[in-house]
Amino acid sequence: MPITPDVLARHGLKEDEYARILGILGREPNMTELGMFSVMWSEHCSYKSSRIHLKTLPTQGPRVLQGPGENAGAVDIGDGLAAVFKIESHNHPSFIEPYQGAATGVGGIIRDIFTMGARPIALLDSLRFGELGKPGTKRVVTGVVAGIAGYGNSIGIPTVGGEAFFDACYAGNPLVNVFCLGIAPADGIVKGKAEGTGNAVYYVGASTGRDGIHGATMASAEFDDASAEKRPAVQVGDPFMEKLLLEACLEVLKTGALIGLQDMGAAGLSCATSEMSARGHVGMDVEVTKVPQRETGMTPYEIMLSESQERMLFVVHAGREADVERIFEKWDLHAVCIGHVTDDGLVRVREHGVVVAEVPARALADEAPLYDRPSQRPAWLDEIQKLDPTHFKTFPATADVLTSLLASPTIASKQWIYRQYDHMVRTNTLCLAGRGTPVVRVKGTNRALAMSVDGNGRYGQTDPKRGAMLAVAEAARNVALAGGIPIGATNNLNFGNPEKPEIMWQFVEAVAGIGEACRAFAVPITGGNVSLYNETDGKAIYPTPVLGIVGLVEDASTVIGQAFPSDGLKIVLLGETRAELGATEYLHRVHGEVRGMPPAIELGHERALQALLPQLIGAGLVASAHDCSEGGLAVALAECTFGQPGVGATVDVRGVTGPAGVPVAHATLFSESAGRVLLAVSPDHLTAVLDQAATAGVVAGVIGTTGGATLRIAVDGEPVVVAAVSELQTVWANALEDALASPVRG
Amino acid sequence: MKFAVVVFPGSNCDHDAYHAVKHVLGQPAEFLWHKDTSLQGADVVILPGGFSYGDYLRTGAIARFSPVMQAVSAFAAQGGPVLGICNGFQILCEAGLLDGALIRNQQVQFRCAHVDVRVEQVDTPFTAACTTGQVLHLPIAHGEGQYFAEPDVLARLEANRQVIFRYATAAGEITPEANANGSLNNIAGVCNAGPHPERACEKVLGSDDGLVLFESVLRRLTAGVA
Amino acid sequence: MPLFTVRVFVTLKPSVFDPQGRTIVESLHSLGYAGVAHVRQGKYFEVQVEAADASAAEALVRDVSGTLLANPVIESFRLESPAPVA
Amino acid sequence: MPLFTVRVFVTLKPSVFDPQGRTIVESLHSLGYAGVAHVRQGKYFEVQVEAADASAAEALVRDVSGTLLANPVIESFRLESPAPVA
Ligand SMILES: Nc1ncnc2c1ncn2[C@@H]1O[C@H](COP(=O)(O)OP(=O)(O)O)[C@@H](O)[C@H]1O
Ligand SMILES: [Mg+2]
């Protein structure tokens, strides 16, 4: 087939990219080779628009065992163990087919973890959907949640937490980001690397079908009506197969027979052969007819590009093949030798012995063009950063605002979601879903790991750099709330079309923000994922960087939750409240606006908080801890009262003044000033807590006392909220459920 | 007292059951492979929760044909204690070792939560250390946990006092609201069980009410009543 | 030996409540399909077998259905006659 | 208005992988049913609708199947002709 502009366009390759391919090969590629270049040089696999910026992120630290570049990152957690973790998106597939798109997303990130030699022990999901009342959203929400449940529950890895945020900008482009964490021996981290000429290359797991061909290029293109035609790219997840694969892989790794292994995810066999070869500076010679196939008549092109799920590639020490085959046979799985490692740096593909493709591995894996795409600050930014009295419409009674915020899907209880997830399997979950920052214990040690995924797209939209910094700060703060010291981060960068200078600017700003915050907190980035082209009909989502941070809890027995556990405790507010109503949930829900500047971030204060919290909690001085995020102080206080059973509170806070005309109570209670935490402290420990906060340089004040069945909030002595905890709790507990009650698909 | 935990392809609570028996209870425990044909001298057999064969087709449908199930049936026929947890319960029903079947939850969705179950019978190996009417706080995690049996079978189970657990309120009342999944007569376990006691053996995990099941069988067997 | 396709339908017995069917009816009503009175959900299998002839194929699939595809406690099944695979 | 029953079969499109079918075949093989070559699992619905006549019933169920019973991204469906409910 001649390579016409039309063929190139269908492969998502630009003219100059094709010229580069011609230069590398010194000849015209055949179709199989062109297909391999097209998937490997797609944005999804090559990071061609993002790579030069990602290089600026801090990736070093004393605990880092594996930074970016492998299937997942790893940090040392003591006791000879490593935490292996990463986040991955499956946004586009989840819009096309919510259940399978989300399910296969879960399958993919789990494979990234166990290919590193780690046993996966926890999942978190970070979700963004359109407004619940709008047509179509319910289908996506119910499908995505069921898909995550369907895969995670079946494979037996608990989904211990996550977040869900609703905004119109995600209506045509939901975000499904899944984080997975596993535990490996610190000296047993395995790499996706091929080495040693003559060593065997094994294909293991599910057989190959025509599904998902061009999935990687799909993830790198905007949606439009024509994308409907790409629909056959939907893949069906097989969690049972992956469970067997997981057990078999971990068993094989113990034998020492493996040199390296890699998941065949995006770009399938093309990706696994070229990346493993490139990392080890070797080549591979593989025979496609040996690849187990579940459809007849597949061409080498299809076999090399298929994205069938639940498959991996192994490089096995010559002479140790029997160990691999024996274990895979025990688990009733395929393990087929399809070729061997060579020393010429080429990925050579044969069909019945005849070479059908021959490409330098590094050309595919490392030599994609890198773009320093033009970036330009959007002209509209000045306008939306403005917030003045005219943007505030009416001012309902403060108590009514609180009720309305508690019913906002973004703030309301996520029980409808997490009760569909098995969040307890593996018996490690110390802080059950809904009770605070997710924490899993590390069996065989006294330690535990706290994890959080966070990001607020409205902050990103109004100031991408600050939004990104706030995402880092919130995730780090959340792990600190469980007594964890932040030790490593991963990130998922969800943005629009990078070929538009305004989007590129947002991206560059956000990466700079993540870098600055991570450096300030000394939290290294050990990996991540970039999802671009999140646009529908030319309209981009808000810039949504999602940060996943892991915190190390030294003593698992000290972990606390967010709800007030009993009466008579002092409520301490750490951090300062300023009148910061820009980009808040309040501004959107009550006044219908997404504008203004997001809350300011003080890196020094955040860092001090991240050190202070684990110190106080580890010493047993604190009974509960919760941060103020979406909805501000009033929402955070209300959430603290929603224990089992609920415990009320009486609080009086000093008012702050906002834009002219905005009631002081609104400015004070619904501001989303960052760096604030609510603690419940027994009177016996109060002095110690206040002293340690002062030493740490963290502003702390007693704002009230727990107890009773009522939440009473006064501002400057003036009561503004007096409500039965049970009534507020009912509103908060039922909002999401009511909106989603009847499933849309049987 | 030797416990055996059977591993079927897709079992995912096998390690949890093993951990509860071995590390919390401090008893010898071993895994049995689904292709094993002998129980290797086990005194108690646990069929763990999870998704054997992905729960494709029906929960427990394929696992019940595993070679090890013949040995389990023979062991049960001689009065050997077999605890089927969640998927294990489903496997025992599919195998005909227990009456009835578990069908899709009334809510259709998967449910993971702590629920309360009332102990109905204490003269079984797994509830001997309980008191009648005692309420246990145990996790459930299932999509197909709704117990079904034909009316005559149900009547016989009730008459023979084979219903050992029912979903209840915290105060022990049997109400429709307390029924976690729509099970007939709120049944949570017939002589063998539905929730996940192995996940409720340590206070740090939210409840240690499940321990009593394992202690019961220990007590029963060490007293030689098995 | 020739190949036959046999279609198998597995349905819940009438005495067994079908939560999926009920949920579908409720969703349809909320979508405005008032005319839908009742839905029962079952399973459908296309089974391809090698057998000497159609009646052997049917016997084999009947056996397989009774053994594995349906659980007689809650389900019943029905076969269509075997169709030779071209 | 009269009641009709319409049977609907939903199957995965041929290009879509069916892990359930594969698992069933493999387990049948290990049970000794070597003659079973292939299984595809689908869904089966019995839908009862009120409609003026059989063709209206069919149109309604076709609509419902496309909207809710089948997921057009990965599945296709087929109806049997409506049968009046006695
Ligand atoms: N998509 C989700 N999946 C699982 N758990 C979730 C999800 N969304 C929220 N949760 C859980 O619900 C609780 C509240 O979440 P959120 O409102 O984001 O709280 P916060 O911002 O205070 O962390 C947490 O325990 C969280 O883990
Ligand atoms: Mg949050």
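Rules used throughout
Residues numbered from 1 in each chain as written. Chains lettered and ligands numbered in written order. Predicted model: local features only at pLDDT ≥ 70, side-chain atom pairs only at ≥ 80, totals over all residues. Heavy atoms only, no water. Helix = DSSP H or I, 4+ residues; strand = E, 2+ residues; numbered from the N terminus. Rg over C-alpha atoms; globule rule 2.2 N^0.38 Å. Buried < 20%, exposed > 50% of the residue type's maximum accessible area, 1.4 Å probe, protein only. Contact = heavy atoms within 4.5 Å. Areas by Shrake-Rupley, 256 points an atom, 1.4 Å probe, with all protein chains shown as cover. Lys, Arg positive; Asp, Glu negative; His and termini not counted. Charge placed at Lys NZ, Arg CZ, Asp CG, Glu CD. Phe/Tyr/Trp six-rings, centres within 6.5 Å; stacked < 30°, edge-to-face > 60°. pLDDT = per-residue confidence, 0-100. Pairing = 2+ DSSP bridges. Axes fitted to C-alpha atoms, helices over the stretch in contact; angles between N-to-C directions. Polar contact = N/O pair within 3.5 Å; in protein donor to acceptor, adjacent residues only side chain to side chain. Near = heavy atom within 4 Å. Buried area = accessible area lost by both parts, 1.4 Å probe. Salt bridge = Lys/Arg side-chain N within 4 Å of Asp/Glu carboxyl O. Nonpolar A, V, L, I, M, F, W, Y, C, P; charged D, E, K, R; others polar.

Caption draft 1: Here's a closer look at the overall build of chain B. When helices and strands are tallied, chain B shows 5 helices and 11 strands. Against the compact-globule benchmark of 17 Å for 226 residues, chain B has a radius of gyration of 16 Å, which places it among compact chains. Viewed in the frame of its principal axes, chain B has a C-alpha envelope of about 45 × 40 × 35 Å. Each of the 226 residues in chain B was classed as buried or not, and the buried ones make up 65%. Taking the intrachain contacts of chain B between residues at least 6 apart in sequence as the baseline, contacts between residues at least 24 apart amount to 75%. With the model as given, the accessible surface of chain B reaches about 7,400 Å², and the carbon-plus-sulfur share is 50%. Positive and negative side-chain charges in chain B, numbering 15 and 22 respectively, have mean positions lying 2 Å apart.

Caption draft 2: Structural detail: the packing of aromatic side chains. Residue and element names in this part refer to chain A. Following the criterion strictly, the structure yields 20 aromatic pairs over all chains and no others. Considering the side-chain rings of tyrosine 170 and tyrosine 542, the 6.4 Å spacing of their centres and the 75° angle between planes classify their relative orientation as edge-to-face. Residue tyrosine 170 is found in the loop between strand S5 (159-166) and strand S6 (175-185), and its partner tyrosine 542 is found in the loop between strand S19 (539-540) and strand S20 (544-553); the two are separated by 372 residues along the sequence. Take tyrosine 542: its relative accessible area is 12%, and that puts it in the buried class.

Caption draft 3: Layout of the confidence of the model for chain B. Residues at a pLDDT of 70 or more form 96% of chain B, whose mean pLDDT is 92. Scoring the predicted complex yields pTM 0.95 and, for the interface, ipTM 0.93.

Caption draft 4: View of the sheet that holds strand S3 (residues 44-47) of chain B. Residues and elements named next belong to chain B. Pairing is parallel across the open sheet formed by 4 strands, whose spatial order is S2-S1-S3-S4. Each edge of the open sheet carries a strand with a single partner, namely strand S2 (29-33) and strand S4 (82-84). Neighbour-to-neighbour, the strand axes of this sheet turn through a mean angle of 25°, independent of strand direction. In this structure, S3 lies alongside S4, joined through 3 bridges in parallel fashion. The residue of S4 that forms the bridge with leucine 47 is glycine 84. Contacts from helix H1 (residues 14-24) reach strand S1 (3-7), S2 and S3, with the element oriented near 155° to S2. Seen against the sheet, helix H2 (residues 68-77) touches S1, S2, S3 and S4 and runs at an angle of roughly 130° to S3.

Caption draft 5: Structural view of the side chain of threonine 445 of chain A. Residue and element names in this part refer to chain A. Tracing the sequence through the fold places threonine 445 in the loop between strand S14 (439-441) and strand S15 (448-454). In this structure the side chain of threonine 445 is engaged in a polar contact, spanning 2.9 Å, whose partner is the backbone nitrogen of arginine 447. In contact with threonine 445, other than residues within four places in its own chain, are Asp79 and Leu81.

Caption draft 6: Expanded view of the site of ligand 1. Residue and element names in this part refer to chain A. The environment of ligand 1 is formed by 17 residues, the closest being Asp125, Gly162, Lys414, Gly434 and His626. At 3.0 Å from an oxygen atom of ligand 1 is found a main-chain nitrogen or oxygen belonging to glycine 434. Backbone polar atom of glycine 436 to an oxygen atom of ligand 1: 3.4 Å apart, as the coordinates give it. Contact with the protein chains hides 89% of the accessible area of ligand 1, taken as 550 Å² for the molecule alone. Secondary-structure elements contributing two or more residues to the shell around ligand 1 are strand S4 (119-129), S5, helix H17 (415-418), helix H19 (464-481) and strand S22 (624-627). Per-element tally for the shell around ligand 1: the top contributor is S5, with 4 residues.

Caption draft 7: Just the interface of chain C and chain D, in detail. At the interface, 34 residues of chain C touch 33 residues of chain D. Between chain C and chain D, roughly 2,700 Å² of surface is buried when both sides are summed, and carbon and sulfur atoms account for 66% of that area. Across the contact surface, chain C and chain D share 0 salt bridges. Inspection of the region where chain C meets chain D yields 15 residue pairs in polar contact (both at pLDDT 80 or more). Of all the secondary structure elements, the ones that give two or more residues to the side of chain C that touches chain D are strand S1 (3-12), helix H1 (19-30), strand S2 (36-50) and helix H2 (54-69) of chain C. Of the residues forming the side of chain C that touches chain D, the biggest block, 15 residues, is contributed by S2 of chain C. Partitioned by chemical class, the residues of the side of chain C that touches chain D number 18 nonpolar, 8 polar and 8 charged. Direction of pairing for S2 of chain C relative to strand S2 (residues 36-50) of chain D: antiparallel, over a ladder of 13 bridges. When the sheet's bridge partners are listed, glycine 42 of chain C is paired in S2 of chain D with tyrosine 44 of chain D.

Caption draft 8: Geometry of the pattern of salt bridges. Using the criterion set out here, one finds 63 salt bridges over all chains in the structure. With a closest N to O distance of 3.0 Å, glutamate 516 of chain A and lysine 465 of chain A form a salt bridge. On the criterion of sequence distance, the pair formed by glutamate 516 of chain A in helix H20 (residues 501-521) and lysine 465 of chain A in helix H19 is long-range, its members being 51 residues apart. The salt bridge partner of lysine 2 of chain B is glutamate 30 of chain B, with a shortest N-O separation of 3.8 Å. Of this pair, lysine 2 of chain B sits in the segment before S1 while glutamate 30 of chain B sits in strand S2; the two residues are 28 residues apart in sequence, bridging distant segments of the chain. Given the relative accessible area of 22%, lysine 2 of chain B is considered partly exposed. Where salt bridges share partners, they join Asp285, Asp344, Arg348, Arg350 and Glu358 of chain A into one cluster.

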